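# Architecture at a glance
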Amino acid sequence: MALLPNPFRALVIGSSGTIGAAFVELLKNNPSCSELVEVHRHSEFPMNYENLESIKSCAAALIPTGPFQLIINTIGVLHTSKWMPEKRLDDLNAEQLEELMKINAIGPALTIRYFSQLLDPNNSIMLTLSAKVGSIEDNRLGGWFSYRASKAALNMLLKTAAIEWARTKPNTALIAMHPGTVNSRLSKPFRGEQIGRPAKDAVTDMFRVIENLKKEDSGSFISYSGEKLPW
Ligand SMILES: NC(=O)c1ccc[n+]([C@@H]2O[C@H](COP(=O)([O-])OP(=O)(O)OC[C@H]3O[C@@H](n4cnc5c(N)ncnc54)[C@H](OP(=O)(O)O)[C@@H]3O)[C@@H](O)[C@H]2O)c1
């Protein structure tokens with residue numbers, strides 16, 4: 001049985017980003033979505049992964065607004081003003097690796113931890129955007145060390161939490177989702193405008209998958225098309 005009830009209450013984390021904003025737009029236009037809360041670095045209760053304490057305080061501030069049946073976390077970085085993805089092993093450096101681990105793995109994992117209290121125990125979905133390039137098995141091209149490693153770490157942290165939730169939150173699906181290549185700030189330096197899809201199309205596809213998620217899907221790495229991806 002599909003987990004997402006009708007009506008449902010949704011929380012979008014990272015709603016200032018391209019895919020996050022497109023999810024907000026889609027949910028605003030969905031009559032089944034009865035309540036929509038947005039979180040980002042400058043929202044009323046801000047969350048900034050440069051300050052990991054903000055995750056706990058943001059979650060605590062939102063408790064009176066919950067519970068939510070759908071929580072989507074879209075926060076992630078591929079490049080920053082300081083770093084571009086590594087092309088070769090000689091580009092690998094501790095500072096970049098630490099930074100991406102913090103934003104792409106540690107922040108999202110702590111978000112799973114602290115926002116779990118905001119989930120409806122009867123039926124809910126928590127989705128974190130990962131990336132297919134974080135798949136160890138699918139890695140054929142190499143490069144992008146920090147981004148790949150941070151998304152692989154995120155996948156492991158999420159999978160481990162999902163195993164625990166099968167016991168403690170049996171009616172919640174915890175999912176790592178690959179949005180496909182999307183035209184966004186993140187993909188722009190990598191021909192994102194040419195090879196990426198509009199965010200609207202990506203979130204429409206992802207929401208179709210979300211609507212059909214079952215509790216048995218928890219702990220999966222799923223593509224926007226519904227395909228299960230190798231870890
Ligand atoms: N675009 C693609 O082709 C693609 C492919 C595979 C996976 N993904 C994944 O999809 C997700 C969304 O990407 P996007 O394309 O929408 O990128 P985007 O437009 O650059 O959005 C990134 C989001 O992350 C937030 N963020 C970055 N650093 C943060 C920090 N320190 N604290 C809190 N928030 C922070 C940004 O907030 P600000 O607005 O404040 O900067 C923004 O909301 C990411 O997890 C990405 O890895 C994207």
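Structural data are supplied above this passage.
Looking only at helices and strands, the protein chain has 6 helices and 6 strands in total. The C-alpha atoms of the protein chain give a radius of gyration of 17 Å, which matches the 17 Å a tight globule of 231 residues would have. Structurally, the protein chain occupies a C-alpha span of about 50 × 35 × 35 Å along its principal axes.

In the vicinity of the ligand, 29 residues are found, and the nearest of them are Ser-16, Thr-18, Arg-41, Tyr-147 and Ser-184. Between an oxygen atom of the ligand and a side-chain N or O atom of Tyr-147, the distance comes to 2.6 Å. One nitrogen or oxygen atom from the side chain of Lys-151 is found 2.9 Å from an oxygen atom belonging to the ligand. For the ligand, whose accessible area on its own is 890 Å², the fraction buried by protein is 92%. Within the residue set of the shell around the ligand, elements represented by two or more residues are helix 1 (18–28) and helix 4 (145–168). The class makeup of the residues in the shell around the ligand is 12 nonpolar, 13 polar and 4 charged.

Moving on, we come to the sheet that holds strand 2 (residues 33–39). Read across the open sheet, the 6 strands follow the order 2-1-3-4-5-6; overall the sheet is parallel. Only two strands of the sheet have a single neighbouring strand rather than two, namely strand 2 and strand 6 (220–223). Averaged over neighbouring strand pairs, the angle between their axes works out to 20° when direction is ignored. As judged from the 4 bridges shared by strand 3 (residues 70–73) and strand 4 (residues 124–129), these two strands associate in the parallel manner. Bridge pairing in strand 4 links Ile-72 to Leu-127.

With 13 residues, helix 6 (residues 199–211) extends 18 Å from end C-alpha to end C-alpha; this agrees with the ideal 18 Å at 1.5 Å per step. Among the residues of helix 6, those classed as buried are Ala-199, Ala-202, Val-203, Asp-205, Met-206, Phe-207, Val-209 and Ile-210. Elements that come into contact with the buried residues of helix 6 comprise strand 1 (8–13), helix 1, strand 3, strand 4, strand 5 (172–178) and strand 6.

The subject of this paragraph is the packing of aromatic side chains. All told, the structure shown has 4 aromatic pairs when counted by the stated rule. Summarising the aromatic geometry, the rings of Trp-144 and Tyr-147 are spaced 6.1 Å apart at their centres and angled 80° between planes, so their arrangement reads as edge-to-face. Given a relative accessible area of 27%, Trp-144 falls into the partly exposed group. When the ring centre of Phe-68 is taken as origin, the NZ or CZ atom of Arg-9, which lies over that ring, is 5.7 Å away. Looking at Arg-197, its charged tip hangs above the ring of Tyr-224, at a distance of 4.3 Å from the centre.

So, how was this worked out
Residues numbered from 1 in each chain as written. Predicted model: local features only at pLDDT ≥ 70, side-chain atom pairs only at ≥ 80, totals over all residues. Heavy atoms only, no water. Helix = DSSP H or I, 4+ residues; strand = E, 2+ residues; numbered from the N terminus. Rg over C-alpha atoms; globule rule 2.2 N^0.38 Å. Near = heavy atom within 4 Å. Polar contact = N/O pair within 3.5 Å; in protein donor to acceptor, adjacent residues only side chain to side chain. Areas by Shrake-Rupley, 256 points an atom, 1.4 Å probe, with all protein chains shown as cover. Nonpolar A, V, L, I, M, F, W, Y, C, P; charged D, E, K, R; others polar. Pairing = 2+ DSSP bridges. Axes fitted to C-alpha atoms, helices over the stretch in contact; angles between N-to-C directions. Expected span 1.5 Å × (residues − 1). Buried < 20%, exposed > 50% of the residue type's maximum accessible area, 1.4 Å probe, protein only. Contact = heavy atoms within 4.5 Å. Phe/Tyr/Trp six-rings, centres within 6.5 Å; stacked < 30°, edge-to-face > 60°. Lys NZ or Arg CZ within 6 Å of the ring centre and 35° of its normal.

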